[in-house]
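Summary of structural features
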Amino acid sequence: MSHALALAREVEGGTSPNPPVGAVVVKDGRVAGEGATQPPGQDHAEIVALRQAGEETRGSTLYVTLEPCCVHGLTPPCVEAIIAAGVREARVAAIDPNPRVMGRGMAALRAAGVETRLGEGGEEAKELYAPFAKHVNKGIPFVTAKFAVSLDGKIATRTGHSQWITGEAARGVAHQWRRASDAVMVGINTALRDDPRLTARGDDGRAAARQPLRVVVDSEGRTPSTAKMLSEPGKTLIATAGASRQASERLEKAGAKVLSLPQRDGCVDLESLLRELGGRGVVSLLAEGGGALLGSLFDHGLVDRALAFIAPVIIGGRDAPSPVEGRGAAHLPATVALERVQVERIGRDLLVKGYPETRS
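Think of each chain on its own: its residues are numbered from 1, step by step along the sequence as written. Restriction of local features to residues with pLDDT of at least 70 applies here, the model being predicted, together with a cutoff of 80 or more for giving and counting side-chain atom pairs; totals for whole chains, interfaces and linings are based on all residues. To get the side-chain values, all heavy atoms of the structure are used, and hydrogens and water are removed first.

In this scheme Phe, Tyr and Trp rings, the latter by its six-membered ring, pair at centre separations within 6.5 Å, and the angle between planes marks the pair as stacked below 30 degrees, edge-to-face above 60, and tilted otherwise. Summed over all chains, the structure comprises one aromatic pair. With 5.3 Å between their ring centres and 20° between their planes, W177 and F309 make a pair best called stacked. Here the residue W177 occupies a position in helix α7 (residues 168-179), and F309 occupies one in strand β14 (residues 305-311), the gap between them amounting to 132 residues. Across this residue pair, the class does not change: W177 and F309 are buried. Above the face of the Y355 ring, R340 is positioned so that its terminal group lies 4.0 Å from the ring centre. Each helix is a run of H or I in the DSSP string that is no shorter than four residues. Each strand is a run of E no shorter than two, and both are numbered from the N terminus. For every residue, the accessible area obtained with a 1.4 Å probe (protein chains only) is divided by the maximum for its type, and the residue is called buried under 20%, exposed over 50%, and partly exposed between those limits. Here, a charge over a ring means that NZ of Lys or CZ of Arg falls within 6 Å of the ring centre while also lying within 35 degrees of the ring normal.

What follows deals with the pattern of salt bridges. Any carboxyl oxygen of Asp or Glu within 4 Å of a side-chain nitrogen of Lys or Arg constitutes a salt bridge here. Scanning the entire structure with this criterion turns up 21 salt bridges. Residues K146 and E288 are paired through a salt bridge, measuring 3.7 Å at the closest nitrogen-oxygen approach. With a gap of 142 residues between them, K146 in strand β6 (residues 142-150) and E288 in the loop between β13 (284-287) and α11 (291-299) connect regions that are remote in the sequence. We note that K146, like E288, is buried. Put simply, R348 and D349 hold a salt bridge, and the shortest N to O gap is 3.3 Å.

We now examine the pairing of strand β9 (residues 236-240). For β9, a buried count of five out of five residues is recorded, marking the element as mostly surrounded by other parts of the structure. Where burial is concerned, the two faces of β9 agree: the one with T236, I238 and T240 and the one with L237 and A239 are both buried. When strand β8 (residues 213-217) meets β9, the two strands line up parallel, connected through four bridges. Its bridge partner lying in β9, V217 is registered against A239. Looking down the strands as they point away from you, a crossover is right-handed if its path from the first strand over the helix to the second goes clockwise. Traced from β9 through helix α9 (residues 245-253) to strand β10 (residues 257-260), the parallel crossover comes out right-handed. One requirement defines pairing of two strands: DSSP has to find at least two bridges between them.

Okay, the sheet that holds β6 next. The strand order β10-β9-β8-β7-β13-β6-β14-β16-β15 describes an open sheet built from nine strands, whose pairing is mixed. The open sheet has two edge strands, β10 and β15 (338-346), and neither has a second partner. Across the sheet, the axes of successive neighbouring strands diverge by a mean angle of 20°, strand direction being ignored. Sheet topology places β6 next to β14; seven bridges connect them, and they run parallel. Within the sheet, the bridge partner assigned to A145 lies in β14 and is A306. Here α11 sits on the sheet and contacts β6, β7 (183-187), β8, β13 and β14; the angle it forms with β6, its principal contact strand, is near 130°. An axis is simply a line fitted to the C-alpha atoms; with a helix, the fit covers only the stretch in contact. Between two such axes, the angle follows the N-to-C directions and lies from 0 to 180 degrees. Here a residue-residue contact requires only that any non-hydrogen atoms of the pair lie within 4.5 Å.

Attention now moves to a nonpolar patch on the surface. In this analysis, a patch consists of residues with relative accessible area above 30% that form no salt bridge, clustered at 9 Å for like charges and at 5 Å for the nonpolar side chains Val, Leu, Ile, Met, Phe, Trp and Tyr. Surface exposure here means Shrake-Rupley accessible area, sampled with a 1.4 Å probe, where a residue is shielded only by the protein chains that are shown. A surface patch of nonpolar side chains, about 400 Å² in accessible area, is lined by V336, L338, V341, V343 and L350. With three residues, β15 is the largest single contributor of residues to the nonpolar patch. The topology assignment puts V336 in the loop between β14 and β15. Looking at V336, the relative accessible area reads 46%, which means it is partly exposed.

Okay, structure coming up:
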């Protein structure tokens, strides 16, 4: 199952709105076939693995990271192919959270005489499919808030200098996250201050073949026509609320897509933006700052996961910016507490990962 999960991770971000799935066919103790989900409209992981295994599927064991589908979509149900291939046993990491499936695929396999086992690798699979589960049930993307801070909680110096707080290893991991995301989002202040490219790059520093949608939350349409991201591969969406027609036309001419949304507290209504992105097939959204945008996301309970790099440097300065602004909590009991917290060393830096606590 660990190999199947690794296969799924390799295609994460390239299968949306379908989930990334890995499948491995084992016969007589050896791998006879393997596969991962192909882009939308193409084969699912199970079909790739079964086709590669050929006649060896008879009496084999299939390891798959997500319950095989049992409904007709752009492709036929995988359950039918598994049964026809003569698979003896199916080991499944997680039940499909899609209400149209959700256990029905397993039931169909059992009814056809295929032995089924559930749960191996379940925790890792649950984390892997959290974005798909949210999107398929709520229609909005899974939001990850990502930021890098100094040991004293600053994201830049008092003069605004911010490159680079973290080391090269941490920046490489950040590009992996971009490659695995459907969209990456920043606020207008970050766009103006840093002029980021917001591209996903490989280990060789070159732009990846597939780029996430770039989203700038820019109420008044202040993004410059000369912004670097507008000349990068991929698409850029400028989310506005009350921008002038002239500003919108200028940005469209520069190559961006401009989206006009309702206002909330004088800014773009982020919930409306998430619904719009979800409708466009964005399953996973990586919000990279700055403080005003992340503060608003946390204030409105829109963050599903937090990823924070902590660098062993002290910046200091009364006016140096912090990663999360917004209204914030008035009292400690109202703070956003994280659960399922993990801490990992990445080069010289620490990575803290956690999920905002669900409160009833």
